[in-house]
Amino acid sequence: DGGITQSPKYLFRKEGQNVTLSCEQNLNHDAMYWYRQDPGQGLRLIYYSQIVNDFQKGDIAEGYSVSREKKESFPLTVTSAQKNPTAFYLCASSPGLADGTDTQYFGPGTRLTVL
Amino acid sequence: AQSVAQPEDQVNVAEGNPLTVKCTYSVSGNPYLFWYVQYPNRGLQFLLKYITGDNLVKGSYGFEAEFNKSQTSFHLKKPSALVSDSALYFCAVRDMWNNAGNMLTFGGGTRLMVKP
């Protein structure tokens, strides 16, 4: 899991509430990503950011929002508009476009459960 | 467009036997290929990657992968499996040239079960 931290490890949310998942990295990476993982499925990209103050929607951005005010931080907010938010959320970072292979490294994940 | 297929949901192997986890890919340009491993309730750990050059790539924990351009495959291998290798394995691809956002596409994952 290296220099990427995610908190909390477990999160419980009531229906209708917004919750924010934290992701911090000390690898000096330019790019950061949020993925969602459902049981028995692969990873789906929610949002990504190649540089501070800029981010792009991934494949399943509806019901989520992000910000990238600092290079080391990329918080994800799961809004009440997300119809089925129960899942395992993974944050990743990579050196960025200046690195030829741009390998992504992952945090330990946050498991979100909607009650 | 880029895509990855892991045709086996689960692979079972006895400890000490060789293991193979299969991955095939599709890209319009040249591929960067990656293997990751995930243990229960943990994030993904990077194992190895293919960029260019030697078709046999060596990675962490004794794993290696063979790039085969004609078969568009990048199978993960290990000569002698350990019980501790039991985990979920993901293959991922990025098109080297036709990918403005440098995005990875992941396969659905293959669960490896190594029995004593």
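Up top is the structure these notes are about.
Now for a description of the structure that goes with this document. (Residues numbered from 1 in each chain as written. Chains lettered and ligands numbered in written order. Predicted model: local features only at pLDDT ≥ 70, side-chain atom pairs only at ≥ 80, totals over all residues. Heavy atoms only, no water.)

## Observations regarding the overall build of chain A
No. 1: Regarding its fold elements, chain A presents zero helices and 11 strands.
No. 2: Along chain A, from the amino end to the carboxyl end, the secondary structure elements read β-β-β-β-β-β-β-β-β-β-β.
No. 3: At 13 Å, chain A has a C-alpha radius of gyration in line with the 13 Å of a compact globule built from 115 residues.
No. 4: Based on the C-alpha atoms only, the size of chain A along its principal axes is roughly 40 × 25 × 20 Å.
No. 5: Sorting the 115 residues of chain A into buried and exposed places 50% on the buried side.
No. 6: Summarising the internal contacts of chain A: among those between residues at least 6 apart in sequence, 54% fall at separations of at least 24.
No. 7: For chain A, the computed accessible surface area is about 5,400 Å², with 48% contributed by carbon and sulfur atoms.
No. 8: Positive and negative side-chain charges of chain A, numbering 11 and 12 respectively, have mean locations separated by a distance of 9 Å. (Helix = DSSP H or I, 4+ residues; strand = E, 2+ residues; numbered from the N terminus. Rg over C-alpha atoms; globule rule 2.2 N^0.38 Å. Buried < 20%, exposed > 50% of the residue type's maximum accessible area, 1.4 Å probe, protein only. Contact = heavy atoms within 4.5 Å. Areas by Shrake-Rupley, 256 points an atom, 1.4 Å probe, with all protein chains shown as cover. Lys, Arg positive; Asp, Glu negative; His and termini not counted. Charge placed at Lys NZ, Arg CZ, Asp CG, Glu CD.)

## Some details on the interface of chain B and chain A
No. 1: Contacts between chain B and chain A engage 21 residues on the former and 26 residues on the latter.
No. 2: Carbon and sulfur atoms make up 52% of the area that chain B and chain A hide from each other, which totals about 1,800 Å².
No. 3: Across the chain B-chain A interface, the total number found is zero salt bridges.
No. 4: At the boundary of chain B and chain A, one finds six residue pairs in polar contact (both at pLDDT 80 or more).
No. 5: If you tally residues by element for the side of chain B that touches chain A, the top one is strand E5 (residues 31-38) of chain B, at four residues.
No. 6: Here the side of chain B that touches chain A is composed, by residue class, of 11 nonpolar, seven polar and three charged. (Buried area = accessible area lost by both parts, 1.4 Å probe. Salt bridge = Lys/Arg side-chain N within 4 Å of Asp/Glu carboxyl O. Polar contact = N/O pair within 3.5 Å; in protein donor to acceptor, adjacent residues only side chain to side chain. Nonpolar A, V, L, I, M, F, W, Y, C, P; charged D, E, K, R; others polar.)

## A few points about the state of the cysteines
Such a bond, covalent and formed between the sulfur atoms of two cysteines, is termed a disulfide.
No. 1: Using the criterion set out here, one finds two disulfides over all chains in the structure.
No. 2: Here Cys23(A) pairs with Cys91(A) through a disulfide, and the sulfurs are 1.9 Å apart. Its S-S torsion of about -75° marks the bond between Cys23(A) and Cys91(A) as left-handed, since a negative value means left-handed. With a gap of 68 residues between them, Cys23(A) in strand E3 (residues 19-25) and Cys91(A) in strand E9 (residues 87-94) connect regions that are remote in the sequence. Each member of the pair, Cys23(A) as well as Cys91(A), carries the same accessibility label: buried.
No. 3: Between the sulfur atoms of Cys23(B) and its disulfide partner Cys91(B) the distance amounts to 2.0 Å. For the disulfide bridge between Cys23(B) and Cys91(B), the dihedral angle about the S-S bond is near -60°, and by the sign convention the bridge is left-handed. Of this pair, Cys23(B) sits in the loop between strand E3 (19-21) and strand E4 (24-26) while Cys91(B) sits in strand E10 (residues 87-95), and the two are 68 residues apart along the sequence. For the pair shown, Cys23(B) and Cys91(B) are each scored as buried. (Disulfide = S-S within 2.5 Å.)

## As for a nonpolar patch on the surface
No. 1: On the surface, a nonpolar cluster with roughly 370 Å² of combined accessible area is contributed by Tyr10(A), Phe12(A) and Leu115(A).
No. 2: As for its placement among the helices and strands, Phe12(A) is situated in strand E2 (residues 10-13). (Patch = residues over 30% accessible without salt bridge, like charges linked within 9 Å, V, L, I, M, F, W, Y side chains within 5 Å.)

## Quick notes on the sheet that holds E3(A)
Within a sheet, neighbouring strands are paired by backbone hydrogen bonds and run either parallel or antiparallel to one another.
Residue and element names in this part refer to chain A.
No. 1: The four strands lie next to each other as E1-E3-E8-E7, forming an open sheet whose pairing is antiparallel. Each end of this open sheet is capped by a strand with a single partner; those strands are strand E1 (4-7) and strand E7 (64-66). The sheet shows a mean angle of 20° between the axes of neighbouring strands, taken without regard to direction. (Pairing = 2+ DSSP bridges. Axes fitted to C-alpha atoms, helices over the stretch in contact; angles between N-to-C directions.)

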